[in-house]
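# A structural walkthrough
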Amino acid sequence: MSGGGSEKSGVGLVKTPADFLKSIRGRPVVVKLNSGVDYRGILACLDGYMNIAMEQTEEYVNGQLKNKYGDAFIRGNNVLYISTSKRTLGDGPDAP
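Residues numbered from 1 in each chain as written. Predicted model: local features only at pLDDT ≥ 70, side-chain atom pairs only at ≥ 80, totals over all residues. Heavy atoms only, no water.

The protein appears in an unreviewed UniProt entry as Sm domain-containing protein from Platanthera zijinensis. Listed in UniProt under the heading Sequence similarities (unreviewed entry), the comment for the protein reads: "Belongs to the snRNP Sm proteins family. SmF/LSm6 subfamily." (UniProt positions renumbered as here; feature names shortened; annotations may be inferred.)

The subject of this paragraph is the overall build of the protein. Scanning the protein from terminus to terminus reveals one helix and five strands. Along the chain direction, N to C, the helices and strands of the protein fall in the order α-β-β-β-β-β. A total of 96 residues make up the protein; the buried ones form 31% of that total. A separation of at least 24 residues holds for 40% of the contacts in the protein among residues at least 6 apart in sequence. (Helix = DSSP H or I, 4+ residues; strand = E, 2+ residues; numbered from the N terminus. Buried < 20%, exposed > 50% of the residue type's maximum accessible area, 1.4 Å probe, protein only. Contact = heavy atoms within 4.5 Å.)

With that out of the way, let us pick up the pairing of strand S2 (residues 38-46). With seven of nine residues buried, S2 lies mostly within the body of the structure. Of the strand pairs in this sheet, strand S1 (residues 28-33) and S2 are connected by five bridges, and their pairing is antiparallel. Bridging from a neighbouring strand, Pro28 pairs with Ile42 of S2. Taking the residues between adjacent antiparallel strands as the criterion, S1 and S2 are bridged by four residues, where Gly36 takes a positive phi near 100°. Summarising the sheet, S2 and strand S3 (residues 52-61) pair through seven bridges and their orientation is antiparallel. Following the sheet pairing, Ile42 is matched in S3 by Glu55. Between the end of S2 and the start of S3, which pair antiparallel, lie five residues, with Met50 showing a positive phi angle near 70°. (Pairing = 2+ DSSP bridges.)

Strand direction decides the pairing type here: S1 and strand S5 (residues 79-84), joined by five bridges, are antiparallel. Looking at the pairing, Lys32 lines up with Tyr81 of S5.

Low pLDDT means the predicted atomic positions in that stretch should not be read closely. With 76% of its residues at a pLDDT of at least 70, the protein reaches an overall mean of 83. When pLDDT is averaged over each element of the protein, S3 comes out on top at 97 and helix H1 (residues 17-23) at the bottom at 87. In this model residues 1-7 is a low-confidence stretch, pLDDT under 50, and it forms two contacts with partners more than four residues away in sequence or in other chains. (pLDDT = per-residue confidence, 0-100.)

Here the focus is the nonpolar core. In this structure, Val31, Ile52, Ile74 and Ile82 are the most contacted members of the largest nonpolar core, which totals 14 residues. Broken down by secondary-structure element, the contributors of at least two residues to this core are S1, S2, S3 and S5. Apart from the residues lying within four places of it in its own chain, the contact partners of Val31 are Val37, Asp38, Tyr39, Ile52, Met54, Ile74, Val79, Tyr81 and Ile82. (Core = buried A, V, L, I, M, F, W, Y, C linked by side-chain atoms within 4.5 Å.)

Written as C-alpha cells, this is what we have:
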C-alpha cells in the first residue's frame, strides 16, 4: 500500500466530505432544502445526520428574502446541499 497516509500532508490533494464540512464551520454557507428554499447564514455546527445549526440566518424563497432569524436549526433529511457562500450576508442571491 504505497502512498498510505500521504493524502493529508500534500497541498491540493483530495478532501473527504467530512473534511470539507469541518473546514466550513463558522463560515458563511448556503443551505438548499429539498423544497427549494435557501437558508444563508453562519454554520454553527452539524452532526452525522446533517442536522444543521446556523446563526444570522436569512430565508430566501424564489430568490427573495422572506425572513431573518437569529438562530436556526434545520433537520438533516430536508437538506439538498450545503455550499460555501462567496458573498456577504444580506447581498441577496443575485450579488456578483
